[in-house]
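This is what each chain is made of:
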Amino acid sequence: MRPNLDTSMFSVICEIENCLYTPEVELADMRRHKLVEDIRSGQLEQVRAVLEFNPIEGWCNDITEDVMRKAFPVHEDLTDCALEDWSDYEADRVECRRAGITARVAA
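Notes on the structure follow. (Residues numbered from 1 in each chain as written. Predicted model: local features only at pLDDT ≥ 70, side-chain atom pairs only at ≥ 80, totals over all residues. Heavy atoms only, no water.)

### Here we look at the side chain of T64
Structurally, the position occupied by T64 is in helix α2 (residues 64-71). Among the polar contacts made by the side chain of T64, one reaches the side chain of D62 at a distance of 2.5 Å. (Helix = DSSP H or I, 4+ residues; strand = E, 2+ residues; numbered from the N terminus. Polar contact = N/O pair within 3.5 Å; in protein donor to acceptor, adjacent residues only side chain to side chain.)

### Some remarks on the pattern of salt bridges
Per the stated rule, a full pass over the model turns up five salt bridges. Between E15 and R48 there is a salt bridge; the shortest N-O distance is 2.7 Å. Note that E15 is positioned in strand β1 (residues 9-16) and R48 in strand β3 (residues 47-54), a separation of 33 residues in sequence. Of the charged contacts in the structure, one is a salt bridge between E65 and R69, with a shortest N-O distance of 2.6 Å. In this pair, E65 and R69 are both assigned in helix α2, four residues apart and thus about one turn of the helix distant. Exposure remark for E65: the relative accessible area of 36% places this residue in the partly exposed category. You can call R69 partly exposed: its relative accessible area is 30%. Where salt bridges share partners, they join K34, E37 and D38 into one cluster. (Salt bridge = Lys/Arg side-chain N within 4 Å of Asp/Glu carboxyl O. Buried < 20%, exposed > 50% of the residue type's maximum accessible area, 1.4 Å probe, protein only.)

### Some remarks on unusual backbone geometry
Although it is not a glycine, E17 sits at a positive phi angle of roughly 50 degrees. The topology assignment puts E17 in the loop between β1 and β2 (19-21). Phi angles above zero are rare outside glycine, and N18 is one such case at about 65 degrees. Looking at the secondary structure, you find N18 in the loop between β1 and β2. Using a relative accessible area of 73% as the deciding quantity, one classes N18 as exposed.

This is how it looks when you write it as structure tokens:
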């Protein structure tokens, strides 16, 4: 059975001893709610970035702050300036053409 690649998938970048890596995750677990659950429970540690992407459409978003807020809800009395900047990835969205990748779309 071929997986449906025309959907949003999620990947995490973690750090161990100044080395960045992407933990191995089952394709079925590459969902936002599963990542939030794994981060909250400590299954994923030292998270540096959470990326949402669609391989068919050729885009990728840095959604680190949204996922971390869901994993660790902030008390209402804190202001946004009190929140940690979770990710150092600047681009909100990188289109495949800007990254120099040719997009292939199934007809």
